[in-house]
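Residue-level listing of the chains:
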Amino acid sequence: MSTNFKIEGPLLHCASACIPLLRRLPDWFGLENAILDYERQVEELPTFLAGADGSVLGFLSLKQHNEFSAEILVMAVHPEQHRGGIGRALVEAAETHARSLGIEYLQVKTLGPSRPDEHYAGTRRFYAALGYRPLEEFTRIWDADNPCLVLVKRI
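A brief structural summary.

1. Section: the nonpolar core
- Ranked by internal contacts, the top residues of the largest apolar core, which has 25 residues, are Leu 60, Leu 62, Ile 72, Leu 90, Val 91, Tyr 127 and Tyr 132.
- Elements with a minimum of two residues in this core: strand E2 (47-52), strand E3 (55-64), strand E4 (69-77), helix H3 (86-100), strand E5 (105-111) and strand E7 (146-154).
- Counting residues per element, this core draws most heavily on H3, which supplies six residues.
- Leu 22, Phe 29, Ile 35 and Leu 73 belong to the second-largest nonpolar core, a separate cluster that totals 17 residues.

Next comes the structure, spelled out in structure tokens:
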């Protein structure tokens, strides 16, 4: 695990540096259509990069929905760097940036608990530890086989 990483951002046009990380995380990002959709969106969204020694170790892209709210659209951390503080640092950087824009609420969507999955259970614990709370689980945002849990935080 790297402890000497640096957070940069928000940056634009960095999909080419970010998308390879999604492909290293098939337990979270296993659908090719979803990866391609993220690639299009990340290219245009403010994105924070965590890097060390010229390598991208993690990223987070932020999507503003309106003057009051934004969403952590996608975040990924290199699998060998999990639990090393990179995810927390990326979320903190995004929250600081969002507050500077006057945004009051951040949301994140993840697989809901009605579909048991150990990887996503860890994702939900990660966000809970950062103060994100479940708002509601929906079966029509993605589909019935992939229930979407919306987590929110007042920042």
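2. Observations concerning the packing of aromatic side chains
- Evaluated as defined, the whole model comprises three aromatic pairs.
- Seen in terms of ring centroids, Phe 126 and Tyr 127 are 5.0 Å apart; in terms of plane orientation they differ by 75 degrees. Their pairing is edge-to-face.
- Between the aromatic rings of Tyr 127 and Tyr 132, the centroid separation amounts to 5.5 Å while the plane-to-plane angle is 75 degrees, which identifies the pairing as edge-to-face.
- On the basis of relative accessibility, which here comes to 5%, the residue Tyr 127 falls in the buried class.
- Taken together through their ring pairs, the aromatic side chains of Phe 126, Tyr 127 and Tyr 132 make up a single cluster.

Parameters at a glance
- Residues numbered from 1 in each chain as written.
- Predicted model: local features only at pLDDT ≥ 70, side-chain atom pairs only at ≥ 80, totals over all residues.
- Heavy atoms only, no water.
- Core = buried A, V, L, I, M, F, W, Y, C linked by side-chain atoms within 4.5 Å.
- Buried < 20%, exposed > 50% of the residue type's maximum accessible area, 1.4 Å probe, protein only.
- Helix = DSSP H or I, 4+ residues; strand = E, 2+ residues; numbered from the N terminus.
- Phe/Tyr/Trp six-rings, centres within 6.5 Å; stacked < 30°, edge-to-face > 60°.

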